[in-house]
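Observations on the model geometry
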Amino acid sequence: MFWQISFTAIGFLSTMYFAHTAGASILGSYFLFLAYYGIFNMVTDGGFGGAVVKRISEGEDPNAYFSAYFILRLIFTITGILILLVFKDYFVDLNNSRIFAWMLLLLFVSAIAGPISSGVAGKGKMGIRNTCEGISNISRVMIQIPAIYLGYETVGLVGGMVAGVILAAIIEFRFFDLYLVRFKWKHIKSLFVFSFWLFLTSSGVLVFSQADTIFIGYFMNTENVGIYRVILQFTGIAAFSSNALRMTLWPRVSQWGKTKELYFVEESLPRAISYSLVLAIPVLLGGILLGDRLLYSFYGADFAQGYYVLIILLAVQVVNVFQYFFTMYLDALNHPQESFKVTAVGVGANIALNIILIPLIGINGAAIATLVTMTLNALLAWHALSRYMTIRLERQSLSNIMISSIVMGVIVGVYRLFVPLSNVWITILAVAIGGMTYGFLILKFDKKVYTEMKDIIEKVGIGFVWPGWL
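Per chain, residues are indexed from 1 in the order of the written sequence. The model is predicted, so local features are restricted to residues of pLDDT at least 70 and side-chain atom pairs to those at 80 or more, both for listing and for counting; the totals for chains, interfaces and linings are taken over all residues. With hydrogens and water stripped out, all remaining heavy atoms of the structure feed into the side-chain values.

**Let's talk about the overall build of the protein chain**
The cut-off we apply is this: Secondary structure counts use DSSP, requiring at least four H or I residues in a row for a helix and at least two E residues in a row for a strand, with both numbered from the N terminus. Burial here depends on accessible area, computed with a 1.4 Å probe over protein chains only, as a share of the maximum for the residue type. Under 20% is buried, over 50% is exposed, and the range in between is partly exposed. For this analysis, residues touch if any pair of their heavy atoms sits within 4.5 Å.
On a plain count of helices and strands, the protein chain comes out with 19 helices and 0 strands. In the protein chain, buried positions account for 55% of the 470 residues. Excluding contacts between residues fewer than 6 apart, the proportion of contacts in the protein chain whose partners are at least 24 apart in sequence is 83%.

**Points about the nonpolar core**
Formally: The nonpolar core is taken to be a set of buried Ala, Val, Leu, Ile, Met, Phe, Trp, Tyr and Cys residues, with the residues joined through side-chain atoms within 4.5 Å.
By size, the foremost hydrophobic cluster in this structure holds 122 residues, and its most contacted members are Phe-33, Leu-269, Leu-277, Tyr-299, Phe-325, Tyr-329 and Leu-385. The greatest single-element share of this core, amounting to 16 residues, is contributed by helix 14 (residues 307–332). In contact with Phe-325, other than residues within four places in its own chain, are Ser-242, Leu-245, Arg-246, Leu-249, Leu-269, Ala-272, Ile-273, Ser-276 and Asn-320.

**A closer look at the packing of helix 2 (residues 24–45) against helix 8 (residues 153–173)**
We apply this condition: Here an angle of 0 to 180 degrees is reported between the N-to-C directions of two axes, which are lines fitted to C-alpha atoms, with helices fitted over the stretch in contact. Note on terminology: angles under 35 degrees are roughly parallel, angles over 145 are roughly antiparallel, angles of 65 to 115 are roughly perpendicular, and the others are oblique. Each crossing gets its handedness from the near helix: less than a right angle anticlockwise from the far helix is left-handed, clockwise is right-handed. Under this grouping Gly is polar, as are all residues other than the nonpolar Ala, Val, Leu, Ile, Met, Phe, Trp, Tyr, Cys and Pro and the charged Asp, Glu, Lys and Arg.
Remark: helix 2 packs on helix 8, axes separated minimally by 8 Å, with the N-to-C direction vectors making an angle of 40°. Comparing the axis directions of helix 2 and helix 8 gives the class oblique. Crossing hand, helix 2 versus helix 8: right-handed. Between helix 2, through Ile-26, Leu-27, Ser-29, Tyr-30, Phe-33, Leu-34 and Tyr-37, and helix 8, the contact on the second element is made entirely by Glu-153, Thr-154, Leu-157, Val-158 and Met-161. The class makeup of the residues in the contact of helix 2 with helix 8 is 9 nonpolar, 2 polar and 1 charged.

**Some points on the layout of surface pockets**
Put simply, the rule reads: For cavity detection a 1 Å grid was placed over the protein atoms alone, and a set of points counts as a cavity when a 1.4 Å probe fits there but cannot get out; an open set counts as a pocket when protein lies on both sides within 12 Å along at least five of seven lines, with lining residues being those that have an atom within 4 Å of a point. Grid points are joined across faces, edges and corners, and a volume is the space filled by probe spheres set on the points.
In this structure, the second largest pocket occupies an estimated 270 Å³ of space. If you trace the second largest pocket, you find 17 residues lining it, with Gly-257, Lys-258, Lys-260, Leu-333 and Asn-334 closest to the centre. If you tally residues by element for the lining of the second largest pocket, the top one is helix 11 (residues 240–258), at 3 residues. Classifying every residue of the lining of the second largest pocket gives 6 nonpolar, 4 polar and 7 charged.

**Focus on the packing of aromatic side chains**
We apply this condition: Only Phe, Tyr and Trp rings take part, Trp by its six-membered ring, and two of them pair if their centres are within 6.5 Å. Stacked means planes under 30 degrees apart, edge-to-face means over 60, and tilted covers everything else.
Counting across every chain of the model gives 16 aromatic pairs. On the numbers, 6.0 Å between centres and 90° between planes, the contact of Phe-234 with Tyr-299 is edge-to-face. Of the two residues, Phe-234 is situated in helix 10 (residues 222–234) and Tyr-299 in helix 12 (residues 262–299); the sequence distance between them amounts to 65 residues. Like Tyr-299, Phe-234 is buried.

**Notes on a nonpolar patch on the surface**
Applicable threshold: Like-charged residues are merged into a patch within 9 Å and nonpolar side chains (Val, Leu, Ile, Met, Phe, Trp, Tyr) within 5 Å, provided each residue has over 30% relative accessible area and no salt bridge. Here the open area of atoms and residues is found with the Shrake-Rupley method and a 1.4 Å probe, where only the protein chains shown may cover a residue. Salt bridges are counted wherever a side-chain nitrogen of Lys or Arg sits within 4 Å of a carboxyl oxygen of Asp or Glu.
Taken together, the side chains of Met-402, Ile-406, Val-410, Val-414, Leu-417 and Phe-418 make up a nonpolar region of the molecular surface, amounting to roughly 630 Å² of accessible area. Its location among the elements puts Phe-418 in helix 17 (residues 395–418). Residue Phe-418 is classed as exposed on the basis of its relative accessible area, which comes to 64%.

**Observations regarding the side chain of Gln-317**
Looking at where Gln-317 falls in the secondary structure, it is placed in helix 14. Of the residues examined, Gln-317 reaches a relative accessible area of 9% and is grouped as buried. The residues touching Gln-317, leaving out its near neighbours within four places in the chain, are Leu-232, Thr-235, Gly-236, Ala-238 and Ala-239.

**Some points on the environment of Gly-257**
Its place among the elements puts Gly-257 in helix 11. Placed 75 residues apart in sequence, Gly-257 and Ala-332 show a C-alpha to C-alpha distance of 7.5 Å. Those residues in contact with Gly-257 that sit more than four places away from it in its chain are Val-265 and Leu-333.

**Some thoughts on helix 14**
Heads up, the rule is: The span expected for a helix works out to 1.5 Å for each residue beyond the first. Bend, at a single residue, is the angle you get between axes fitted to the 7 residues ending at that residue and the 7 residues starting at it.
Compared with the 38 Å implied by 1.5 Å per residue over 26 residues, the 37 Å span of helix 14 between its first and last C-alpha is a close match. Along helix 14, the helix axis deviates most sharply at Val-319, where the bend reaches about 35°. Positioned one or two residues after helix 14, Asn-334 has a phi angle of 70°, which is positive.

**Let's talk about the pattern of salt bridges**
Evaluation of the coordinates by the stated rule reveals 6 salt bridges. Residue Glu-267 is joined to Arg-392 by a salt bridge in which the shortest nitrogen-to-oxygen separation is 3.1 Å. Of the two residues, Glu-267 sits in helix 12 while Arg-392 sits in the loop between helix 16 (363–385) and helix 17, which places them 125 residues apart along the sequence. A salt bridge links Arg-416 to Asp-292, with the nearest nitrogen and oxygen atoms 3.0 Å apart.

**Digging into unusual backbone geometry**
A positive phi is found at Asp-61, a non-glycine position, where the angle reads about 50°. As for its position among the elements, Asp-61 is in the loop between helix 3 (48–57) and helix 4 (62–86). Exposure remark for Asp-61: the relative accessible area of 40% places this residue in the partly exposed category. In the Ramachandran plot, Glu-153 falls in the positive-phi region, its phi being about 50° despite a non-glycine side chain. Tracing the chain through its elements places Glu-153 in helix 8. By relative accessible area, which is 40% here, Glu-153 ends up partly exposed.

**A closer look at helix 7 (residues 126–149)**
Here helix 7 spans 35 Å end to end across 24 residues, near enough to the 34 Å set by a 1.5 Å rise per residue. Within two residues after helix 7, Gly-151 carries a phi angle of roughly 90°, on the positive side.

As far as function goes, none of this settles anything; it's purely spatial.
Structure, rendered in structure tokens:
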């Protein structure tokens, strides 16, 4: 959670700088690079990264499983790089931006960094993994800012990303305690059985995260890509609590499933959903009330035209809470084939809707396509997971979240009605008033959240910050 908050803040500030300095077009080229990298990296990983986390977390032959994965990843990466070199001329966008060679370098670096990170995650050292991921993201931004200032444009953004991955891998290796050993065919077979479905599922997830970017680039231009992706990143503030919980829960749920401790699995899911919605729902309401001014103040007039995209994508983040947790639990409980079936339906619908809606209504169409297919995916995943465990929602906690959000919305709405949002500081003041109001109300209404948050703060040694009057 700490690193999610830290990078979210730094990411917002850096993107604001990039938006004003480099413009939407340069950012669009960078986001297209990330979209292509996501696809190529998924292919070279082959789904084995998630499979090895699962197998290592089970505690049986962890060194052998890691070794098998490392060799497989290396073989897949070298093969993928050779294929890309053969078809280099077809990647016009990457060649025009002079970043094709950077793509190859990043794929090779990821072939080393990926197995290290997966090994650390499989051993349950999520604090180490998340810290190193935070270091990677922060160091990336620290390099990208001067690179943009010096005029390196897209190359500077990509170079910062490569440097961040390398630095994080070096630090993470210090806490890595697995070894390369001789492995057997049974280890490869075990990884393949799990990774086959995980790879197909990951392909579907990638469609949700990157297909809209590629289709916008195809039907429109890089400037629209930049606007859409900046807004998507802006909505990430609604998701960082769920991201932190998902990464932490994956190896735990896997272990509980292996030891048949279904009680812990069923207890963890509703709490994870509640804690994720604690942030996602009020952020959605705040975006509806203040989103237009926030986009204009933070990123500029070009990005303010994406207000409706912002609202739709904030709704997507709420649906994401359910969709991601349900599919993650299916995978962690060793039912990746069910997760794939769910995702496959959404993939087809997502591609079809993007092709239909983007030419008709532009980036708004891409956002609507994502919302519709994500909702479909969440409902199908709920149905599939309910066959293996009892799914409950904490109705009282959800009710408290809704009541607190509505009261916050009324106060912020009245503020905006009587106070013109003429500059960024007045807008930020509205956000601060809303945030403090919501935080106070949720802690007052929900004693369970209050008690757990107090315990967490005391356990990490910062109990002195807890207000005694709450």
